[in-house]
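Chains, contacts and geometry: an overview
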Amino acid sequence: MKSEKKVDMSGLSREEKLKYEIAEELGLLDRVLENGWKTLSAKETGRIGGLVTKRRRSLNREEQQDQ
């Protein structure tokens, strides 16, 4: 049985939370938690970075529309 490693999301910035959420959506979170971010390929980290940017822009647009 594999032990579950949890990340304390309360101490993370909004951007860090997004990184972990996207890594989970892409099925990479287990690898990140076990071995760290350095074990991901350039393609995988680029994918995460691109999705973080896309989601951050979307969130910023929503915040501006709410004002």
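Residues numbered from 1 in each chain as written. Predicted model: local features only at pLDDT ≥ 70, side-chain atom pairs only at ≥ 80, totals over all residues. Heavy atoms only, no water.

1. Comments concerning the overall build of the protein chain
Of the regular secondary structure elements, the protein chain holds 3 helices and 0 strands. Along its sequence from the N terminus, the protein chain presents helices and strands in the succession α-α-α. Taken against the 2.2 N^0.38 rule, which gives 11 Å for 67 residues, the C-alpha radius of gyration of the protein chain at 14 Å runs more than 25% over that of a compact globule. By principal-axis analysis of the C-alpha atoms, the protein chain measures approximately 50 × 25 × 15 Å. Looking at the protein chain as a whole, 16% of its 67 residues qualify as buried. When contacts within the protein chain are restricted to residue pairs at least 6 apart in sequence, those whose partners lie at least 24 apart make up 49%. (Helix = DSSP H or I, 4+ residues; strand = E, 2+ residues; numbered from the N terminus. Rg over C-alpha atoms; globule rule 2.2 N^0.38 Å. Buried < 20%, exposed > 50% of the residue type's maximum accessible area, 1.4 Å probe, protein only. Contact = heavy atoms within 4.5 Å.)

2. Re the pattern of salt bridges
Per the counting criterion, the structure on display carries 5 salt bridges. A salt bridge links Arg-14 to Glu-63; its shortest N-O distance comes to 2.8 Å. One end of the pair, Arg-14, is in helix α1 (residues 14-25); the other, Glu-63, is in helix α3 (residues 42-66), with 49 residues separating them in the sequence. Residue Arg-14 is classed as partly exposed on the basis of its relative accessible area, which comes to 42%. (Salt bridge = Lys/Arg side-chain N within 4 Å of Asp/Glu carboxyl O.)

3. Remarks on the nonpolar core
Of all hydrophobic cores here, the largest spans 11 residues; its members are Leu-18, Tyr-20, Ile-22, Ala-23, Leu-28, Leu-29, Val-32, Leu-40, Ile-48, Leu-51 and Val-52. Among the elements of the structure, α1, α2 (29-35) and α3 are those that each provide at least two residues to this core. In terms of residue count, α1 provides more of this core than any other element does, 4 residues in total. In this structure, Ala-23 is in contact with Leu-28, Leu-29, Trp-37 and Ile-48, ignoring residues within four places of it in sequence. (Core = buried A, V, L, I, M, F, W, Y, C linked by side-chain atoms within 4.5 Å.)

4. Some points on the packing of α1 against α3
Closest axis-to-axis distance for the α1/α3 pair is 10 Å, and the angle between their directions is 125°. When the axes of α1 and α3 are compared, the pair comes out oblique. Relative to α3, the crossing made by α1 is right-handed. Here Arg-14, Glu-15, Leu-18, Lys-19, Glu-21, Ile-22, Ala-23 and Glu-25 of α1 come into contact with α3, specifically with Ile-48, Leu-51, Val-52, Arg-55, Arg-56, Leu-59, Asn-60 and Glu-63. Of the residues belonging to the contact of α1 with α3, the class tally is 7 nonpolar, 1 polar and 8 charged. (Axes fitted to C-alpha atoms, helices over the stretch in contact; angles between N-to-C directions. Parallel < 35°, antiparallel > 145°, perpendicular 65-115°, else oblique. Left-handed = near helix turned anticlockwise from the far one by under 90°. Nonpolar A, V, L, I, M, F, W, Y, C, P; charged D, E, K, R; others polar.)

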